[in-house]
Amino acid sequence: MRLIILGAPGAGKGTQSRFLCEKYGIVQISTGDMLRSAIASGSAVGREAKQVIDAGKLVSDSIIIELVKQRLAKNDTARGFLLDGFPRTVPQANALRDLDFKLNAVVEIHVPHDEIVRRISGRRIHEASGRTYHVDFNPPKVAGVDDISGEQLIQRVDDSETTVRKRLQVYQEQTAPLIDYYSKWSTSGDPAAPKYIAVQGKGDVEAISHSIAEALDSA
Ligand code: AMP
C-alpha cells in the first residue's frame, strides 16, 4: 500500500496517518517530522529549515525532494509507505511521479479554515514526550502543565495564530493545486494513476478513519 495524505495544516493528517500506517503495516513518512529532527540535531538542513518553518513558509523543493528520495530508498518502505506532508507543491508532485512508484491512493482531508485556526492555535505540547493537548478540546488537568511530568507545556512557534493564517495562505497558493493535480490524474484513464479519495475532516476522529478505510478497501 502506497498512500499520500493531503490536507491543510491542522486537518488531522498526522492522526489519520498513524491509524492508516497501523492498519496497513506501512511506514509513515512525515516531512514535517523529518525537518523537526533535522532542527533538533543542529544539521545544516535543520538550520536552514528552522527560520522558514517558524515563518510559516515552505522549505525549498530541492531540499525536500532530496530528503524524501533518501528516505524512500530505505528498506523499511518495501511493504509500503504513507507520505504525510509531501508533496506540498506541484514540482514536488512531479518529482515523486518521476520516481515511478505505483501509488494506490491520495487521501484528501478537508477542513474549513476557521476550524483549523481554532484547532492549531489552541494546541499545546509537552516538548520532552511529544504529548499534545488542546486548550478547549483536550485540556490538561492543570492549565499549561503536562499531566504526567508536571512540566510546562509550550506552543510551537509555527502554531501561533498569525503563523497559522500564513501557513493556510501558503497552503491555498502552493498545495491546494495538488487537489486538482491528483483528482484529474485519477480520472484520466492512466492505469498508473492513484485513486482520489476526499473526506470531510470535521467531527469524530474514528468516524473519519472509518470512512477513509472503507474507501481504501473498496479501491
Ligand atoms: P508539518 O508538520 O507537515 O505541518 O510541517 C511543518 C513545516 O515544515 C511546514 O509548515 C513547512 O514549513 C515544512 N515542510 C514540511 N513538509 C514540507 C514540504 N513537503 N515542502 C516544504 N516544506 C515542508
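Scroll up to find the structure.
Heads up: these notes are all about the structure in this document. Small disclaimer: the values here were computed from a predicted structure and weren't measured. The residue numbering used here restarts from 1 in each chain and proceeds along that chain's sequence as written. For this predicted model, a pLDDT threshold of at least 70 governs which residues receive local features, and a threshold of 80 or more governs which side-chain atom pairs are given and counted, while totals over whole chains, interfaces and linings are taken from all residues. To get the side-chain values, all heavy atoms of the structure are used, and hydrogens and water are removed first.

Here we come to the packing of helix H2 (residues 31–41) against helix H3 (residues 44–54). Only the stretch in contact is used when fitting a helix axis, every axis being a line fitted to C-alpha atoms; angles between N-to-C directions are given from 0 to 180 degrees. Going along the chain from the N terminus, every DSSP run of H or I of four or more residues is numbered as a helix, and every run of E of two or more is numbered as a strand. In the contact formed by H2 and H3, the axes pass within 7 Å of each other and the chain directions differ by 115°. Viewed along their axes, H2 and H3 form a crossing whose handedness is left-handed. Residue-level inspection shows Leu-35, Ala-38 and Ile-39 of H2 in contact with H3, the latter providing Val-45, Gly-46, Ala-49, Lys-50 and Ile-53. The crossing is said to be left-handed when, going from far helix to near helix, the turn is anticlockwise and less than a right angle, and right-handed when the turn is clockwise. Only heavy atoms enter the contact rule, under which two residues are in contact if any of them lie within 4.5 Å.

Further remarks concern the sheet that holds strand E3 (residues 81–84). What the 5 strands build is an open sheet, ordered E2-E3-E1-E4-E7; its pairing is parallel. Both edges of this open sheet fall to strand E2 (27–30) and strand E7 (195–200), since each of them pairs with a single strand only. Between one strand axis and the next, the sheet turns by 20° as a mean value, whatever way the strands run. The criterion for strand pairing is that DSSP finds at least two bridges linking the strands in question. Note: E2 against E3, 4 bridges, orientation parallel. Bridging from a neighbouring strand, Gln-28 pairs with Leu-82 of E3. Sitting on the sheet, helix H8 (residues 177–186) touches strand E1 (2–6), strand E4 (105–110) and E7, and the angle it makes with E7 is about 130°.

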